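Remarks on the overall topology
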Amino acid sequence: LQGIFVLGLPYALLHSGYSGLLLIVLAAALCCYTGKILIACLYEENEDGQLIRVRDTYEDIANASCKKLSPSLGGIVVNVTQVVELIMTCILYLVVSGNLLSHSFPYLPVTEKTWSVIAFVTLLPCIFIRTLKIVSKLSQLCSFVHFFIIFVVITYCLTQVHQWSWAKFRLSLEFENFLVSVGVIIFSYTSQIFLPALESNMKNPGEFRCMLNWTHFFACILKTTFALTAFLTWGEKTKEVITDNLPSFLETLVNLCLLTKALLSYPLPFFAATEIVYSCISNDNHSNYRSPLLAVTVRGSFLLLTLLMAMFTPHFALLMGLSGSVTGAAMTFLLPSLFHLKLKWNKLSFIEKCADISVFILGFLCSLAGLACSIKGLLKVFG
């Protein structure tokens, strides 16, 4: 999920300067923290003081937090938010796939939308994915492709080290461009939607916090190195997607790798979205479907929906930014901190309460700023 945003990190540095480097580190720390407190909401202490897992999903946490208002209100809000974000992500992968194919084979008389349909055909087997184990294998392959792309870009940048200059960093910032950079950097780390399922499927859930620390630490190091080397190489000429700066022979290779990554990334958000919808329909939270026909219908409908929206939604990137500003900030910052305060208030120290409140305010401001920028962009386009 993070690969598309990672490729925009050098461009984010172009508009954020030295503060962008600090933001990459800060975003890693904040997203790691909200991941931990979200998982903490799955547990309660028993009479012996031992932590027992009493909830299974993000929905369960939301319902427990909002039970005084309505037994199911919180779950409905979280499920709708999750499904919107996941489906928008799936559509983004289809749009990106069509764009990459179009740029990789410009000499063929095929439109970008037709390429998206071709990419869609390769994704049809997703209808028959029934377990997270298959998705995890595909995600593992996706990670290998991702590391290869990063390796190719960094290696090329190191061959241009003689051109590097720290003078390329900007000290003065344009506020609107800076907000775009904040969005790219923060949402390159988001994964909270998948954490409850990930933690429950670990062989040793007790190692979850350690795993989260190390993965965010290494992600921070990798992203800082990647963004810094790329920006120092191209400076003011850095493009929105850094692969567009590469020489043509490398650009084609990396674009095909990105296409592979986009197609391998699609099953994870697709599977998560259809699982949520099916569990709501059947009131069954297990992965093994009671009605295979209903399961195939749900997955097939969602697959077709992503294609139709990828084909016929105008200015999808702006729409993605609009929904992402709301759903992304909510699932990553607002809801984890709010639920943690609600469920653990009496057991939190003063510092922990201040930390949660600070994260909530930061998430709210990020969401508001991103919303304003997206609406401004849509008004400009339709104006």
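Shown above is the structure to which this text applies.
The text that follows walks through the structure, step by step, so that each part is easy to find. (Residues numbered from 1 in each chain as written. Predicted model: local features only at pLDDT ≥ 70, side-chain atom pairs only at ≥ 80, totals over all residues. Heavy atoms only, no water.)

Okay, the overall build of the protein chain next. The number of helices and strands found in the protein chain is 15 helices and two strands. Relative to the compact-globule value of 21 Å for 383 residues, the protein chain shows a C-alpha radius of gyration of 21 Å, a close match. Expressed as lengths along the three principal axes of its C-alpha atoms, the size of the protein chain is roughly 65 × 50 × 45 Å. In the protein chain, which comprises 383 residues, the share counted as buried stands at 49%. In the protein chain, the share of contacts with a sequence separation of at least 24, taken over all contacts with a separation of at least 6, comes to 78%. Carbon and sulfur atoms make up 69% of the accessible area of the protein chain, which amounts to about 18900 Å² in all. The averaged location of the 21 negative side-chain charges in the protein chain is 2 Å from the averaged location of its 25 positive side-chain charges. (Helix = DSSP H or I, 4+ residues; strand = E, 2+ residues; numbered from the N terminus. Rg over C-alpha atoms; globule rule 2.2 N^0.38 Å. Buried < 20%, exposed > 50% of the residue type's maximum accessible area, 1.4 Å probe, protein only. Contact = heavy atoms within 4.5 Å. Areas by Shrake-Rupley, 256 points an atom, 1.4 Å probe, with all protein chains shown as cover. Lys, Arg positive; Asp, Glu negative; His and termini not counted. Charge placed at Lys NZ, Arg CZ, Asp CG, Glu CD.)

Turning to the environment of L308, a few remarks are in order. When you line up the elements, L308 lands in helix α13 (residues 292-312). Among the residues examined, L308 registers a relative accessible area of 41% and is labelled partly exposed. For the pair L308 and V117, spaced 191 residues apart in sequence, the C-alpha to C-alpha distance is 9.6 Å.

Right, let's get into the packing of helix α5 (residues 73-104) against helix α12 (residues 267-282). For the pair α5 and α12, the least separation of the axes is 8 Å and the interaxial angle reads 145°. The element α5 and its partner α12 pack so that their crossing is left-handed. Across the interface between the two elements, N79, Q82, V83, L86, I87, T89, C90 and Y93 of α5 pack against P269, F270, A272, A273, I276, V277 and C280 of α12. In terms of residue class, the contact of α5 with α12 is made up of 12 nonpolar, three polar and no charged. (Axes fitted to C-alpha atoms, helices over the stretch in contact; angles between N-to-C directions. Left-handed = near helix turned anticlockwise from the far one by under 90°. Nonpolar A, V, L, I, M, F, W, Y, C, P; charged D, E, K, R; others polar.)

Inspection of the entire model under this criterion finds four salt bridges. The salt bridge partner of E44 is R55, with a shortest N-O separation of 3.0 Å. Within this pair, whereas E44 is found in strand β1 (residues 43-45), its partner R55 is found in the loop between β2 (51-53) and α4 (58-65), the two being separated by 11 residues in sequence. Put simply, E199 and R53 hold a salt bridge, and the shortest N to O gap is 2.8 Å. (Salt bridge = Lys/Arg side-chain N within 4 Å of Asp/Glu carboxyl O.)

With that settled, consider the packing of helix α7 (residues 132-159) against helix α11 (residues 248-265). Packing of α7 against α11 brings their axes to within 9 Å, and their N-to-C directions diverge by 155°. It follows from the interaxial angle that α7 and α11 lie roughly antiparallel. Here α7 runs over α11; the crossing is left-handed. Contacts between α7 and α11 involve L138, L141, C142, V145, H146, F148, I149, V152 and Y156 on the former and, on the latter, L250, L253, V254, C257, L258, T260, K261, L264 and S265. When grouped by side-chain class, the residues that make up the contact of α7 with α11 number 14 nonpolar, three polar and one charged. (Parallel < 35°, antiparallel > 145°, perpendicular 65-115°, else oblique.)

On the surface, I357, I361, F364, L365 and L368 cluster together into a nonpolar patch covering about 460 Å² of accessible area. With respect to the helices and strands, the residue I361 is situated in helix α15 (residues 350-382). Looking at I361, the relative accessible area reads 45%, which means it is partly exposed. (Patch = residues over 30% accessible without salt bridge, like charges linked within 9 Å, V, L, I, M, F, W, Y side chains within 5 Å.)

Going through the model one piece at a time under the given rule, you end up with eight aromatic pairs. Taking 5.6 Å as the distance between ring centres and 25° as the angle between the ring planes, the aromatic pair formed by W214 and F218 counts as stacked. Placement of the pair is W214 and F218 together in helix α10 (residues 208-234), with a separation of four residues, close to one helical turn. Note on W214: relative accessible area 47%, which makes it partly exposed. Taken together, the ring pairs in this structure connect F105, Y107 and W115 into an aromatic cluster. Positioned over the ring face of Y189 is K223, at 3.7 Å from the centre of the ring. A cation sits over an aromatic face here: K353 above W345, 4.0 Å from the ring centre. (Phe/Tyr/Trp six-rings, centres within 6.5 Å; stacked < 30°, edge-to-face > 60°. Lys NZ or Arg CZ within 6 Å of the ring centre and 35° of its normal.)

Tracing the backbone shows C90 in helix α5. Each C-alpha atom of the pair C90 and L341 lies 32 Å from the other, and the pair is 251 residues apart in sequence. Not counting residues within four places of it along the chain, the set of residues in contact with C90 comprises Y266, P269, F270 and T306.

Once that is clear, we can look at the side chain of T34. Note on placement: T34 falls in helix α3 (residues 18-40). Here T332 takes part through its backbone oxygen, which lies 3.1 Å from a polar atom of the side chain of T34. In this structure, T34 is in contact with Q192, T332, F333, P336 and V359, ignoring residues within four places of it in sequence. (Polar contact = N/O pair within 3.5 Å; in protein donor to acceptor, adjacent residues only side chain to side chain.)

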